[in-house]
Amino acid sequence: MTYKEAVDTALKLIDSERSDFDESLFPFFADTAQKKIAMYGKRIEKLHTLEKPDDAEVEVEIPGFYQLIRTEIRGSDEQVNYYIIENTFVTDSKGTIDIYYYAMPQTIDGETPDDYEFEVSTETHNAIPYYIGYELAKTDDTTLAQMLLNEWNRYMSIFVNEPKAVTKRIRNVYPFIRRRF
């Protein structure tokens, strides 16, 4: 669903026209809906790969970083030695490092074109007009706004990321500790 389609659908839900509202409200409400889905519902999962041939410390900006899922070194059982400051990933580990993370979508503002496709999963696009409609109608028609909010909350309750099991090889290493009694 595009940004324009979401706004038009929201206006149909509340039986209004674009001229009834300030045009600067539409991008803000669409952006808020998309970011709420990305934060609390169906998250945007991304992978960033880092090639590191040596042990020198390196800082890498991760685009759209929101929350770290996991890190791993390809072909190795070693853990990645890292820390994160805002959206900068810092590591001194060696090898091909895969960084799995949740991302935030780009901000929708007044400069966003009407054909902008929402970055959240396509199965969540149907909920966005309900949030926009709720925000537009909440001062004029509270009953309609509450119905739209209920529908938005119903959608949000089914938007969850399925947990994924990560399989790792377990090495049977038991350190020998000599005890004297």
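Calculation notes
- Residues numbered from 1 in each chain as written.
- Predicted model: local features only at pLDDT ≥ 70, side-chain atom pairs only at ≥ 80, totals over all residues.
- Heavy atoms only, no water.
- Helix = DSSP H or I, 4+ residues; strand = E, 2+ residues; numbered from the N terminus.
- Rg over C-alpha atoms; globule rule 2.2 N^0.38 Å.
- Buried < 20%, exposed > 50% of the residue type's maximum accessible area, 1.4 Å probe, protein only.
- Contact = heavy atoms within 4.5 Å.
- Lys, Arg positive; Asp, Glu negative; His and termini not counted.
- Charge placed at Lys NZ, Arg CZ, Asp CG, Glu CD.
- Salt bridge = Lys/Arg side-chain N within 4 Å of Asp/Glu carboxyl O.
- Pairing = 2+ DSSP bridges.
- Axes fitted to C-alpha atoms, helices over the stretch in contact; angles between N-to-C directions.

Now for the overall build of the protein chain. A tally of regular secondary structure across the protein chain gives 4 helices and 6 strands. The helix and strand sequence of the protein chain, counted from the amino end, reads α-α-β-β-β-β-β-β-α-α. For a compact globule of 181 residues, the expected C-alpha radius of gyration is about 16 Å, and the protein chain comes in at 23 Å, more than 25% above that figure. By its C-alpha atoms, the protein chain is 80 × 40 × 25 Å across when sized along the principal axes. A burial count over the protein chain gives 38% of its 181 residues as buried. Within the protein chain, contacts between residues at least 6 apart in sequence are counted, and of these 74% link residues at least 24 apart. Measuring between centres, the 21 positive side-chain charges of the protein chain sit 15 Å from its 33 negative side-chain charges.

Glancing now at the pattern of salt bridges. Inspection of every chain in the model, using the stated rule, returns 9 salt bridges. A salt bridge links Asp 8 to Lys 4; the shortest N-O distance between them is 2.9 Å. Here Lys 4 and Asp 8 lie together in helix α1 (residues 3-13), a separation of 4 residues that amounts to about one turn. Owing to a relative accessible area of 35%, Lys 4 belongs among the partly exposed residues under this scheme. Ionic pairing is found between Arg 154 and Glu 151, a salt bridge with its closest N-O pair at 2.9 Å. Here Glu 151 and Arg 154 lie together in helix α4 (residues 142-158), a separation of 3 residues that amounts to about one turn.

Time to look at the environment of Tyr 40. Within the secondary structure layout, Tyr 40 lies in helix α2 (residues 25-40). Taking the relative accessible area as the measure of exposure, Tyr 40 reaches 56% and is therefore exposed. Linking Tyr 40 and Asn 161, residues 121 residues apart in sequence, is a C-alpha distance of 9.6 Å.

Looking now at unusual backbone geometry. Excluding glycine, a negative phi dihedral is what most residues carry, and trans is how most peptide bonds are arranged. Here Asp 15, not a glycine, exhibits a phi torsion of approximately 55°, which is positive. By the secondary structure assignment, Asp 15 is in the loop between α1 and α2. Notably, Glu 86 is not glycine yet its phi reads approximately 55°, a positive angle. Looking at the secondary structure, you find Glu 86 in the loop between β4 (82-85) and β5 (88-91).

Here we have 3 strands laid out as an open sheet, ordered β2-β5-β4, and antiparallel in their pairing. Of all strands in the sheet, those bounded by a partner on one side alone are β2 (58-61) and β4. Strand after strand, the sheet turns through a mean of 25° between neighbouring axes, direction not considered. As judged from the 4 bridges shared by β4 and β5, these two strands associate in the antiparallel manner. Paired with Tyr 83 across the two strands is Val 90, which belongs to β5.

Now for the pairing of strand β6 (residues 95-103). Among the 9 residues in β6, 8 count as buried, and that is most of the element. Bridge count between strand β1 (residues 44-52) and β6: 9 bridges; the pairing is antiparallel. Across the sheet, Leu 50 pairs through a bridge with Ile 97, a residue of β6.

In short, geometric facts, not functional conclusions.
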